[in-house]
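Analysis of the macromolecular model
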Amino acid sequence: QVQLVVPVAVVFSPGSVPEDLPSPLPFRDVQEMEISVNLRTSVTSRYEMSYRAATAREEAALAVATAREADAALHLLQDVSMGSLTVYVVAETSSLLPQGTSVYVGRHRSALVRSGGSLAALHTRLRQVTQVMSFTATSIAATLSDRVPDGRLSPDARRSLKSSLGYEITFSLLNPDPKSHDVDWDIEGAVNCYVKPVLDKLSLVANFSVDSQILYYAILGVTPRYDKESSSFLLSAHSLPHVINPVEARLGSSAASLYPVLNFLLYVPERSHSPLYIQDKDGAPVRTNAFHSPRWGGIMIYNVEAPASPQASLPLHVDVDMARVMEVFLAQLRLLFGLSWEELPPEFLLESPGNEGLADWELDHLLWAHTVENIATVSTTLTSLAQLLDKIGNIVIKDDVASEVYQAVASVQSAVAKLAMGHLHSAFQASKEAVTSSERAFFDPSLLHLLYFPDDQKFAIYIPLFLPMAVPILLSLAKIVRETRQRKKEPTKMD
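Not measured: the values here are computed from a predicted model. (Residues numbered from 1 in each chain as written. Predicted model: local features only at pLDDT ≥ 70, side-chain atom pairs only at ≥ 80, totals over all residues. Heavy atoms only, no water.)

As a further point, take the overall build of the protein chain. What the protein chain contains, in helices and strands, is 11 helices and 17 strands. What you see for the protein chain is a C-alpha radius of gyration of 33 Å, clearly larger than the 23 Å of a compact globule of 495 residues, by over 25%. A principal-axis box enclosing the C-alpha atoms of the protein chain has dimensions of 135 × 80 × 35 Å. Scored against the burial criterion, the 495 residues of the protein chain give a buried share of 44%. In the protein chain, the share of contacts with a sequence separation of at least 24, taken over all contacts with a separation of at least 6, comes to 75%. (Helix = DSSP H or I, 4+ residues; strand = E, 2+ residues; numbered from the N terminus. Rg over C-alpha atoms; globule rule 2.2 N^0.38 Å. Buried < 20%, exposed > 50% of the residue type's maximum accessible area, 1.4 Å probe, protein only. Contact = heavy atoms within 4.5 Å.)

If you want it as structure tokens, here you go:
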């Protein structure tokens, strides 16, 4: 049983305290909710709310002109521990939030909320804020999707990557027509400018390695349809799944990888199929001209403008606009990690995370999900190992394997205890250690079940070897027994 504890500080600015508070400030409150995964597994979410009045420094930070400035000023005054939230309640008539906005979620671990006038309205908004900034029942169920019965999860819930100790990211430029297009892309500069800040923020979650490659004469494997009205070629939504396999056969990046590989492909169409556009299910053109495949990566089609004169010399030199390309790839990277917020209430305003690619509370969202998934993975691994040891009675368990099992159990118990205390970062680190130890124990070469044979297999193997040797021995023993019996029957001669 796992309990997820979120410390939430609710800070009232002057003029925002509802009249129907149950007790004078400061006071504490606890809200619990059980998230049922299946008949045997459930997760308890516990929000420990502490209500208090704003300090003088917080009041000064809330007296600025815009919500963005207030968020930056309040960040310096907050508790920065991972997994904790601070919600600042402002008056219903406050001009700090834009017109029509009731909730502002900043880049860090704080939000600004209009009071709503009553405690019930405030509780509704607080519940929405905590679910956006920490986790929801849907996100926890998606994390434990292997244990959720079929039909209870939407297809999008299984889109995000499974938890891993590391990921490999490969950027590939596909140029199927190098005779017509000389494509140049500054991938190293783009990675340093756009991707590195995001991966630096994600380094708490896992280790990342980045590489790139250019593949010539690599085609999509699907023939696009020519559209006379637009004088362009079209790829329909139902043909997109057939694009992945032919392209993946050329990539070769996942063959020797220990970790999941994320593939981001930039495809420059050949001259005979240019321009090439992607259509969605309704037949409308996709604005980004890109699509992504769950747990695999994404592909973007980059069209090259036709030369002004037909006599232009080939190949045409093409400089790729890396800012436009990386904007699409980073959006796909967020989708692959489950950081998409499509169904937000209209009165919510989310601050853009900027160059870092994700806000602090989004990082916490990943840590919550990966910690729960790691605990479930360790549970499954150790259960499978125990079943293997029960099945093979004469298996030999070495001391180092036993110590890894003990370490995994101790680490996962520590992770569960840290979660119940609201210490998200230390819980995540303990869950990573538990995964590492349990995997080492499970995949230890000495526990290979093929090394141990059941008794019936041993007889089947050794009887053909010993039978030829046993026949003369058994015949000799029978002869000795017969001679001994005859000797006993003969009468003893007396002198």
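Our next topic: a nonpolar patch on the surface. Taken together, the side chains of Phe459, Ile463, Leu467, Val471 and Leu475 make up a nonpolar region of the molecular surface, amounting to roughly 510 Å² of accessible area. Within the secondary structure, leucine 467 sits in helix α11 (residues 455-489). For leucine 467, a relative accessible area of 51% corresponds to the exposed category. (Patch = residues over 30% accessible without salt bridge, like charges linked within 9 Å, V, L, I, M, F, W, Y side chains within 5 Å. Areas by Shrake-Rupley, 256 points an atom, 1.4 Å probe, with all protein chains shown as cover. Salt bridge = Lys/Arg side-chain N within 4 Å of Asp/Glu carboxyl O.)

Our focus in this paragraph is the packing of helix α8 (residues 360-391) against helix α10 (residues 424-442). Contact pair α8 / α10: the axes reach a minimum separation of 9 Å and the direction vectors enclose 30 degrees. Considered as vectors, α8 and α10 are oriented roughly parallel to each other. Crossing of α8 over α10 shows left-handed handedness. (Axes fitted to C-alpha atoms, helices over the stretch in contact; angles between N-to-C directions. Parallel < 35°, antiparallel > 145°, perpendicular 65-115°, else oblique. Left-handed = near helix turned anticlockwise from the far one by under 90°.)

Moving on to the packing of aromatic side chains. If you walk through the whole model with that rule in mind, you get 12 aromatic pairs. Plain terms: the ring middles of tyrosine 167 and phenylalanine 337 are 5.3 Å apart, the flat faces sit at 80 degrees to each other, and that makes the pair edge-to-face. In this pair, tyrosine 167 is assigned in strand β7 (residues 166-175) and phenylalanine 337 in the loop between α7 (322-336) and β17 (348-350), connecting sequence segments 170 residues apart. As far as the burial class goes, tyrosine 167 and phenylalanine 337 line up, both buried. (Phe/Tyr/Trp six-rings, centres within 6.5 Å; stacked < 30°, edge-to-face > 60°.)

Okay, the UniProt feature "transmembrane region" (unreviewed entry) in the protein chain next. According to UniProt, the "transmembrane region" (unreviewed entry) feature falls on residues 459-481. Structurally, residues 459-481 comprises 100% helix and 0% strand, and the distance from its first C-alpha atom to its last is 28 Å. (UniProt positions renumbered as here; feature names shortened; annotations may be inferred.)

Looking now at the sheet that holds strand β11 (residues 232-235). Spatially, three strands are ordered β10-β11-β13 in an open sheet, and the strand pairing comes out mixed. In this open sheet, the two edge strands, each paired with only one partner strand, are β10 (225-227) and β13 (276-278). Across the sheet, the axes of successive neighbouring strands diverge by a mean angle of 40 degrees, strand direction being ignored. In the sheet, β11 pairs with β13 via three bridges, with the strands oriented parallel. Along β13, the bridge assignment pairs phenylalanine 233 with leucine 276. (Pairing = 2+ DSSP bridges.)

Turning to the side chain of arginine 109, a few remarks are in order. Mapped onto the secondary structure, arginine 109 falls in the loop between β5 (103-105) and β6 (110-114). By relative accessible area, which is 8% here, arginine 109 ends up buried. Within the local environment of arginine 109, its side chain forms a polar contact with the side chain of aspartate 364, the two groups lying 2.6 Å apart. With residues up to four places along the chain from it excluded, the contact list for arginine 109 reads Gln78, Val80, Ser81, Met82, Gly83, Ser84, Leu85, Thr86, Met133, Asp360, Trp361 and Asp364. (Polar contact = N/O pair within 3.5 Å; in protein donor to acceptor, adjacent residues only side chain to side chain.)

For the rest of this paragraph, the subject is the layout of surface pockets. Estimates place the volume of the largest pocket at around 1300 Å³. Of all elements in the fold, only α5 (187-202), α6 (241-251), β13, β14 (290-293), β15 (297-301) and α7 reach the threshold of two or more residues within the lining of the largest pocket. The element that contributes the greatest number of residues to the lining of the largest pocket is α7, accounting for 11 residues. Class assignment of the residues belonging to the lining of the largest pocket gives a composition of 25 nonpolar, 10 polar and eight charged. (1 Å grid on protein atoms, 1.4 Å probe; cavity = no way out; pocket = protein on both sides within 12 Å on 5 of 7 lines; lining within 4 Å. Points joined across faces, edges and corners; volume = space filled by probe spheres on them. Nonpolar A, V, L, I, M, F, W, Y, C, P; charged D, E, K, R; others polar.)

Let us look at a negative patch on the surface. Judged by side-chain charge, Asp182, Asp184, Asp186, Glu188 and Asp319 come together as a negatively charged surface patch. Mapped onto the elements of the fold, glutamate 188 is located in helix α5. Residue class for glutamate 188 comes out exposed when judged on its relative accessible area of 60%. (Lys, Arg positive; Asp, Glu negative; His and termini not counted. Charge placed at Lys NZ, Arg CZ, Asp CG, Glu CD.)

Bringing the environment of leucine 314 into the picture now. Tracing the backbone shows leucine 314 in the loop between β15 and β16 (316-319). Residue classification places leucine 314 among the partly exposed positions, given a relative accessible area of 41%. With 136 residues separating them along the chain, leucine 314 and proline 178 place their C-alpha atoms 9.4 Å apart. Beyond its immediate sequence surroundings of up to four residues, leucine 314 is in contact with Lys179, Ser180 and Arg271.

Here the protein chain is described as being made up of domain 1 (2-144), domain 2 (166-337), domain 3 (360-447) and domain 4 (453-490). The C-alpha centroid of domain 2 is placed 40 Å from the C-alpha centroid of domain 1. (Domains from an automatic or database assignment.)

Taken together, the seven strands give an open sheet; going across it, the order is β2-β3-β1-β4-β6-β5-β17, and neighbouring strands pair in mixed fashion. The sheet is open, and its two borders are formed by β2 (27-36) and β17, each paired with just one other strand. Sheet twist, expressed as the mean angle between neighbouring strand axes with direction ignored, is 20 degrees. Direction of pairing for β5 relative to β6: antiparallel, over a ladder of three bridges.

Note that the residue after leucine 25, namely proline 26, is joined by a cis bond; omega there is -10 degrees. Within the element layout of this structure, proline 26 appears in the loop between β1 (2-12) and β2. A cis amide bond links serine 274 with the next residue in sequence, proline 275, at an omega value of 0 degrees. Its place among the elements puts proline 275 in the loop between β12 (261-267) and β13. For asparagine 289, which is not glycine, the phi dihedral falls at a positive 55 degrees.

This part is about the nonpolar core. Core analysis: the biggest nonpolar cluster contains 90 residues, and Leu4, Phe171, Leu202, Leu266 and Phe337 have the highest contact counts within it. Considering each element in turn, this core owes the most residues, 10 residues, to α8. Here leucine 202 is in contact with Phe208, Phe337, Leu358 and Leu366, once residues within four sequence places are set aside. (Core = buried A, V, L, I, M, F, W, Y, C linked by side-chain atoms within 4.5 Å.)

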